[in-house]
Each structure stands twice: as structure tokens, then as C-alpha cells.
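# Architecture at a glance
Spelled out, the chains give:
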Amino acid sequence: QRDFGDKVRLRFHLAPPLLNAGVDARGRPRKKEFGAGTIPLLRLLAKMRGLRGTKLDVFGLSADRRTERALIREFENRIDELMPTLDDGNTTCILEVFASYMDIRGYGPVKDQAIEDVRSDLATKTSIQSAQ
């Protein structure tokens, strides 16, 4: 308030999965607006960070989290598959494959689209390399 005056209003635009409000025109979860009263809840969630990946992780069973864990396994399998073939001739290509996974960002449909794009790109690269 000292920087922006007394009339400043803090607003968060979130699409929490437990308060699903349908989808927007792009097919993404519709966001809701939350005020400053949300801050204590966000602080509580931050303090519960240590529960991630444990049996007490209430969000761990969500489709997004299952997808993230599967993506990690996919990346690790790709490393196991490609590292034995590493040589001076394909180092750049293998690094590009690994870097592709690092481009996956976002949540929900945004992340799903990024995963689809990376898999499509890798499939194209693999088919081009096989043809050579």
C-alpha cells in the first residue's frame, strides 16, 4: 500500500481444481478471482510443501501430477536409451532431445499441449534420423 496508495486491491486469478468452474473458449479451466483473503491459504499450502510425494499429498492423485510423474519416467527412459549410443557424431542431436523436455512448462491444458508438441517434435526428429 505504501507504494500504490490506499485504494490498491490485490487479486489472484486462479483455476483451482477443487472449485472447477467449467472451461473457457479455448478449452482451458475457467479462472476465478480471489482477493487478499487468499494469502493465508497460499501460505498454508507453501508450508505443506514437505508433504509432496507422500501419502498425505492430497493433490498427488490428480491427473496433472500423474502426468508429471509419467513424464519424468519417460525422460529417464529416454536418457537410458540414448546414453549408450552417445558418440562424437550424435552429441548435438542427443542434447537437443534432452533439451526438448526442458521446454515443457505450464499447468493443465497448457502443459498437456507442451507435452504433445515435444513428443511430436521428437517423433519427427526420430523419423528423419532413421531415414538418413
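Preceding this paragraph is the structure being described.
This section reports on the structure supplied with the text. (Residues numbered from 1 in each chain as written. Predicted model: local features only at pLDDT ≥ 70, side-chain atom pairs only at ≥ 80, totals over all residues. Heavy atoms only, no water.)

This part is about the overall build of the protein. From N to C terminus, the protein includes four helices and two strands. Sequence-ordered secondary structure for the protein, helices as α and strands as β, is β-β-α-α-α-α. A globule of 132 residues ought to have a C-alpha radius of gyration of about 14 Å, yet the protein, at 21 Å, is considerably larger. With the C-alpha coordinates aligned to their principal axes, the bounding extent of the protein is approximately 65 × 35 × 35 Å. When the 132 residues of the protein are sorted by exposure, 16% land in the buried category. Within the protein, contacts between residues separated by at least 24 positions form 37% of all contacts whose residues are at least 6 apart in sequence. Positive and negative charge centroids in the protein, built from 23 and 19 side chains respectively, lie 13 Å apart. (Helix = DSSP H or I, 4+ residues; strand = E, 2+ residues; numbered from the N terminus. Rg over C-alpha atoms; globule rule 2.2 N^0.38 Å. Buried < 20%, exposed > 50% of the residue type's maximum accessible area, 1.4 Å probe, protein only. Contact = heavy atoms within 4.5 Å. Lys, Arg positive; Asp, Glu negative; His and termini not counted. Charge placed at Lys NZ, Arg CZ, Asp CG, Glu CD.)

For the rest of this paragraph, the subject is helix 2 (residues 63-82). Spanning 20 residues, helix 2 covers 28 Å between terminal C-alpha atoms, matching the ideal 28 Å at 1.5 Å per step. Residues of helix 2 that are buried include every one of L71, E74, F75, R78 and L82, and no others. The arc that holds the buried residues of helix 2, viewed along the axis, is 100°, so those residues lie on one side. (Expected span 1.5 Å × (residues − 1). Arc of directions from axis to C-beta.)

This part covers the packing of aromatic side chains. Overall, the coordinates contain two aromatic pairs when judged by the stated rule. With a centroid separation of 5.9 Å and an interplanar angle of 80°, the aromatic rings of F75 and F98 are classed as edge-to-face. Of this pair, F75 sits in helix 2 while F98 is found in helix 3 (residues 91-102), placing the two residues 23 residues apart along the sequence. Among the aromatic residues, those joined into a cluster by ring pairs are F75, F98 and Y101. (Phe/Tyr/Trp six-rings, centres within 6.5 Å; stacked < 30°, edge-to-face > 60°.)

Let's shift gears to the nonpolar core. Residues L71, F75, L82, I94, V97, F98, Y101, I104, A114, I115, V118 and L122 constitute the largest nonpolar core, which totals 12 residues. Taken together, the elements giving at least two residues each to this core come down to helix 2, helix 3 and helix 4 (109-131). Dropping the residues within four chain positions of it, V118 is found in contact with S100, Y101 and I104. (Core = buried A, V, L, I, M, F, W, Y, C linked by side-chain atoms within 4.5 Å.)

Attention now moves to a nonpolar patch on the surface. Together, L14, L18, L19, L41, L42, L44, L45, M48, L51, L56, V58 and F59 give the surface a local cluster of nonpolar side chains, amounting to about 1100 Å² of exposed area. When residues in the nonpolar patch are grouped by element, the largest group, four residues, is from helix 1 (residues 39-47). Within the secondary structure, F59 is located in the loop between helix 1 and helix 2. You can call F59 partly exposed: its relative accessible area is 33%. (Patch = residues over 30% accessible without salt bridge, like charges linked within 9 Å, V, L, I, M, F, W, Y side chains within 5 Å. Areas by Shrake-Rupley, 256 points an atom, 1.4 Å probe, with all protein chains shown as cover. Salt bridge = Lys/Arg side-chain N within 4 Å of Asp/Glu carboxyl O.)

With that out of the way, let us pick up the pattern of salt bridges. Summed over the entire model, instances satisfying the criterion amount to five salt bridges. Across the pair E68 and K111 runs a salt bridge whose closest N-O atoms are separated by 3.1 Å. One end of the pair, E68, is in helix 2; the other, K111, is in helix 4, with 43 residues separating them in the sequence. Overall, the relative accessible area of 15% leaves K111 in the buried class. Residue R119 is joined to E74 by a salt bridge in which the shortest nitrogen-to-oxygen separation is 2.5 Å. Taken as a pair, R119 in helix 4 and E74 in helix 2 lie far apart in primary sequence, 45 residues in all. Linked by salt bridges that have partners in common, D57, R65, E68 and K111 make up one network.

Where helix 2 contacts helix 3, the axes come no closer than 11 Å and their chain directions differ by 175°. As summarised for this structure, helix 2 and helix 3 are arranged roughly antiparallel, according to the angle between their axes. Contacts between helix 2 and helix 3 involve L71, E74, F75, R78, I79 and L82 on the former and, on the latter, I94, V97, F98, Y101 and M102. Class assignment for the residues of the contact of helix 2 with helix 3 results in nine nonpolar, no polar and two charged. (Axes fitted to C-alpha atoms, helices over the stretch in contact; angles between N-to-C directions. Parallel < 35°, antiparallel > 145°, perpendicular 65-115°, else oblique. Nonpolar A, V, L, I, M, F, W, Y, C, P; charged D, E, K, R; others polar.)

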